[in-house]
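Architecture and fold: a report
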Amino acid sequence: MLNINSINKGIVIDHIKPGHGHLIFEMLGLDKADYSVALIMNASSKKFGRKDMIKIENVIDIDLTALAIIDLDLTVNIIEDQKIVEKINMTLPEYIENVIKCKNPRCISTSERNIVHKFTLVDRENSLYKCEYCDQIYDMEA
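What counts and what doesn't
The written sequence of each chain sets the order in which its residues are numbered from 1. A pLDDT threshold of at least 70 governs which residues receive local features in this predicted model, and a stricter bar of 80 or more applies before side-chain atom pairs are shown or counted, although totals over entire chains, interfaces and linings include all residues. Remark: hydrogens and water are excluded; side-chain values derive from all non-hydrogen atoms of the structure. Helix and strand labels come from DSSP, where a helix needs a run of H or I of at least four residues and a strand needs a run of E of at least two; each type is numbered from the N terminus. Residue exposure (1.4 Å probe, protein chains only): buried if accessible area is under 20% of the type maximum, exposed if over 50%, otherwise partly exposed. Note on contacts: a residue pair is in contact if any heavy atoms of the two residues lie within 4.5 Å. Think of it this way: DSSP has to see at least two bridges between two strands before they count as a pair. Here an axis means a line fitted to C-alpha atoms, over the contact stretch when the element is a helix, while the angle between two N-to-C directions is reported on a 0 to 180 degree scale. Think of a salt bridge as a Lys or Arg side-chain nitrogen and an Asp or Glu carboxyl oxygen that are within 4 Å of each other.

1. A closer look at the overall build of the protein chain
Each helix and strand counted, the protein chain has three helices and nine strands in total. Counting helices and strands in the order they occur from the N terminus, the protein chain gives β-α-β-β-α-β-β-β-α-β-β-β. Seen along its three principal axes, the alpha-carbon backbone of the protein chain occupies a region of about 50 × 30 × 25 Å. A burial count over the protein chain gives 36% of its 142 residues as buried. For the protein chain, long-range pairs separated by at least 24 residues make up 54% of all intrachain contacts whose partners lie at least 6 apart in sequence.

2. What to know about the sheet that holds strand 7 (residues 118-123)
Overall, antiparallel pairing links the four strands, which are arranged 6-7-8-9 in an open sheet. At either margin of the open sheet sits one strand with a lone partner, and together these are strand 6 (95-97) and strand 9 (137-139). The average angle at which neighbouring strand axes cross in this sheet is 35°, direction not considered.

3. Details of the pattern of salt bridges
The tally for this structure, following the rule as stated, stands at four salt bridges. Two residues, Asp14 and Lys51, come together in a salt bridge whose shortest N-O distance is 2.9 Å. Placement of the pair is Asp14 in strand 1 (residues 9-16) and Lys51 in strand 3 (residues 49-56), with a sequence separation of 37 residues. The exposure classification of Asp14 matches that of Lys51, with both residues buried. The shortest N-O distance in the salt bridge between Lys32 and Asp31 comes to 3.5 Å. Judged by its relative accessible area of 68%, Lys32 falls in the exposed class.

Here it is in structure tokens:
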């Protein structure tokens, strides 16, 4: 039986699509954390059947934009005194920088160093972003 204790103060990233937990774990740099972190993979979920979850026993600054790009269905729970004090649902941002990279090999952002990767949301329903430099469409669902 796996037993992960509740946390007193911190963040729980819940309802992560199975297999995406490790990606978020690495993106947030939690493998280098000096505080307690639990990555739970393939846990049972009433809502989705299976899910990943990350429990962070610390208050850290999380880029919610990046999380929404990876998994729009996840939720971020802020915990204080072992209780959820705030629940944040994800929404796609209108504009993002340095979260995704353009896949067009002729784009200036792929050939030049230190260029900020900029994308604008062009179709919320289909999760489509457009590169600000070359107009390449990036499908978040793919």
